[in-house]
Amino acid sequence: MSLSWSRTTLALAGGLTALTLLTACGGGSGAAGSEGPVTLTYWGWTKGTKQAVEAFNATHRDITVRFEEIPSGTAGGYAKISNAVKAGNAPDLVSIEYPTLPEFVSQGALQDITPYVTSELKKKLLPQAVQLTTLGGRNWAVPFDAAPQIYYYRKDFFTQHKIDVPRTWDAFRTAAAAVKKADPKARIGTFFPDDPTTFEAMAWQAGAHWFATQGDSWKLNTTDPATRKVTDYWQGLLRDRLVHTHVSFSPGWTNSLKSGGTVGYLGASWGAGVLKGTLPDQSGKWAAAPVPSWDGRPASGMLGGSTTAVTKGSRHTGAAVRFAAWMSTAADAVKARVASGDSSAYPAATALRPVARQAFDTRYYGGQDVYALFDAAAASVGPGWGWGPATSTTNTTLKDEFGKAAGAGGGTGSLAAAVRAGSDATVRELRKRGLKVMGR
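The rules behind the values
- Residues numbered from 1 in each chain as written.
- Predicted model: local features only at pLDDT ≥ 70, side-chain atom pairs only at ≥ 80, totals over all residues.
- Heavy atoms only, no water.
- Axes fitted to C-alpha atoms, helices over the stretch in contact; angles between N-to-C directions.
- Helix = DSSP H or I, 4+ residues; strand = E, 2+ residues; numbered from the N terminus.
- Left-handed = near helix turned anticlockwise from the far one by under 90°.
- Contact = heavy atoms within 4.5 Å.
- Nonpolar A, V, L, I, M, F, W, Y, C, P; charged D, E, K, R; others polar.
- Core = buried A, V, L, I, M, F, W, Y, C linked by side-chain atoms within 4.5 Å.
- Buried < 20%, exposed > 50% of the residue type's maximum accessible area, 1.4 Å probe, protein only.
- Phe/Tyr/Trp six-rings, centres within 6.5 Å; stacked < 30°, edge-to-face > 60°.
- Lys NZ or Arg CZ within 6 Å of the ring centre and 35° of its normal.
- Expected span 1.5 Å × (residues − 1).
- Pairing = 2+ DSSP bridges.
- 1 Å grid on protein atoms, 1.4 Å probe; cavity = no way out; pocket = protein on both sides within 12 Å on 5 of 7 lines; lining within 4 Å.
- Points joined across faces, edges and corners; volume = space filled by probe spheres on them.

### Some remarks on the packing of helix α3 (residues 49–59) against helix α14 (residues 317–329)
Taken N-terminus to C-terminus, the directions of α3 and α14 make an angle of 115°; their axes are 11 Å apart at the nearest point. Classified by chirality, the crossing of α14 by α3 is right-handed. Residues T49, A52, V53, A55 and F56 of α3 form the contact with α14, whose own contacting residues are F323, W326 and M327. Here the residues of the contact of α3 with α14 are counted per class, giving seven nonpolar, one polar and no charged.

### Let's talk about the nonpolar core
Ranked by size, the top nonpolar core spans 115 residues in total, and within it Y152, W234 and L275 carry the most contacts. A total of eight residues in this core trace back to one element, the largest contributor, which is α14. Ignoring sequence-local partners within four residues, the contact set of L275 consists of Y152, W253, L257, Y265, W286, Y364 and Y365. Formed by 18 residues, the second largest nonpolar core is a distinct cluster that contains I81, A84, L110 and L135.

### Comments concerning the packing of aromatic side chains
In this structure the tally under the stated criterion is 40 aromatic pairs. Relative to W294, the ring of W169 has its centre 6.2 Å away and its plane inclined at 45°; by these criteria the two rings are tilted. Of the two residues, W169 is situated in helix α9 (residues 169–182) and W294 in the loop between β12 (286–290) and β13 (306–310); the sequence distance between them amounts to 125 residues. Their ring planes at 25° and their centres at 6.3 Å tell us that F360 and Y365 sit as a pair that is stacked. One exposure class covers both F360 and Y365, and it is buried. The residue whose ring lies beneath K276 is F360, and the NZ or CZ to ring-centre distance is 4.8 Å.

### Some remarks on helix α11 (residues 225–239)
Look at α11: 21 Å from first C-alpha to last across 15 residues, which is about the 21 Å you get at 1.5 Å a residue. Along α11, the positions that sit buried rather than exposed are A226, T227, V230, T231, Y233, W234, G236, L237 and L238. R241 occupies a position one or two residues after α11 and carries a positive phi of about 55°.

### A word on the sheet that holds strand β10 (residues 217–220)
If you walk across this open sheet you meet the three strands as β9-β10-β15, and the pairing is mixed. The sheet terminates laterally at β9 (211–214) and β15 (436–437), the two strands that pair on one side only. Where β10 meets β15, two bridges bridge the pair, whose relative direction is parallel. Each bridged residue has a counterpart across the sheet, and for S217 the counterpart in β15 is K436. Against the sheet, helix α19 (residues 415–432) engages β9, β10 and β15, with an angle of about 175° to β10.

### Digging into unusual backbone geometry
Of note, K162 is a non-glycine position whose phi angle comes to about 55°, a positive value. Turning to its location among the elements, K162 is positioned in the loop between α8 (155–160) and α9. One non-glycine residue with positive phi stands out, namely F249, at about 60°. Among the secondary structure elements, F249 is positioned in the loop between α11 and α12 (251–259). A relative accessible area of 38% places F249 in the partly exposed class.

### Considerations on helix α10 (residues 196–206)
α10 sits mainly inside the fold: 11 of its 11 residues count as buried. Every buried residue of α10 is accounted for by P196, T197, T198, F199, E200, A201, M202, A203, W204, Q205 and A206. Against β8 (149–154), α9, α11, β11 (264–268), α18 (391–405) and α19 lie the buried residues of α10. Taken from the residues just after α10, G207 is the one with a positive phi, measuring 105°.

### Description of the layout of surface pockets
Unfilled space is identified by rolling a water-sized probe across the atoms. Empty space within the largest pocket amounts to approximately 780 Å³. Contributing to the lining of the largest pocket are 33 residues, with W45, S72, F249, W270 and V274 lying nearest its centre. Those elements giving two or more residues to the lining of the largest pocket turn out to be α12 and α13 (271–278). Of the residues in the lining of the largest pocket, the class split is 11 nonpolar, 13 polar and nine charged. Lining the second largest pocket are 21 residues; nearest its centre among them are G73, T74, Y78, S392 and T396. Contributing elements (two or more residues each) for the lining of the second largest pocket: α4 (77–87), α5 (101–106), α10 and α18. The leading source of residues in the lining of the second largest pocket is α18, at five residues. Residues of the lining of the second largest pocket, tallied by class, amount to six nonpolar, 11 polar and four charged.

### Describing the pairing of strand β3 (residues 93–97)
Of all five residues in β3, five are buried, a share of seventy percent or more. Residues L93, S95 and E97 point to one face of β3 and V94 and I96 to the other, with burial holding for every one of them. Note: strand β1 (residues 38–44) against β3, two bridges, orientation parallel. Within the sheet, the bridge partner assigned to Y42 lies in β3 and is L93. Relative to β13, β3 runs antiparallel, the two being bridged by five bridges. Across the sheet, residue E97 finds its bridge partner in β13, namely S306.

What follows is the structure in structure tokens.
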């Protein structure tokens, strides 16, 4: 799997020089067994987490984990975590997606867990995933999964109307027009105005590289040909009303799926479980395919992907990392999560992918081996994409501006203008933090 965290990202140069490593401030050793039974608190939102925590508690006596489900990161979860850290009442452990991890690190919200991330643990995990959680030569989280892009579609609708499953973005547009012609109320998919990560995965797939460093300065490039190609393409789909613009995972989106008004979903490996859990009555009607690419050859970006991190206020660092490692590398953890029926997690622990495959009930997808598709998609993830240290600023601005371009707020604006605004806001934030930005 060619996931590549750009080496320049590891520089986080200016941000990390200003960061006080947290090993010596706020984190206790917390090794279970040295201080008696330990109770940990854990906030997260990924499907199947509750069941995995229950499996852990049923088999461990020296550590007990209390799990609280919070909204997904971009839906308010990250704000909740940040506020709790500032208030001094954060949980011991939190879910953090790869794109957002550098920001939490640069803000001093997480503990440096390097002493606990052993070489034995690293060997069990995808090297690129370990690299995604290594900043400034230190380990800041335990990788849980990878999230290559996948296209899910209503096989019954496509078959009934003799619409070919698109393998290229040109074919996707043709199929989108055919879907609308077959049923004027139906659409091939959705542009989520509130979810910049889906758009960023598209840019990644197209070959864009938004963030890089040179020396001690950051470079932002969101006006490259790859990004322009993606913005122009989706602007055309929006203009011609070939896709819906529901808020991601909202009642509107769900109801459209239930009614047949939306017959496709551009998501990631974890999306198989989302559909299965959201639309149980549509079992057997859905199938999965590679995400369309620009030239028809396999290509994918990463849409999310999660880690488990220890907050700076935890007094049980050792026990927390032990639990996080179990969640990522124990067969029982993956079985419990995937067997919940709502999860299609694609583990960062490569040896556990057969476990996940076996635990996943394929009847929903007509017996299709979706994990074989995940394997192929993961192998096609383009190298060289890196995330910056102000992702929340980037994505908050994109979310606001995408809403305008997608029709909210009177339909003003454009995707290209939204991306420019996101870049400008990011530059301002980086400079506010005292970081250098080249050419801006």
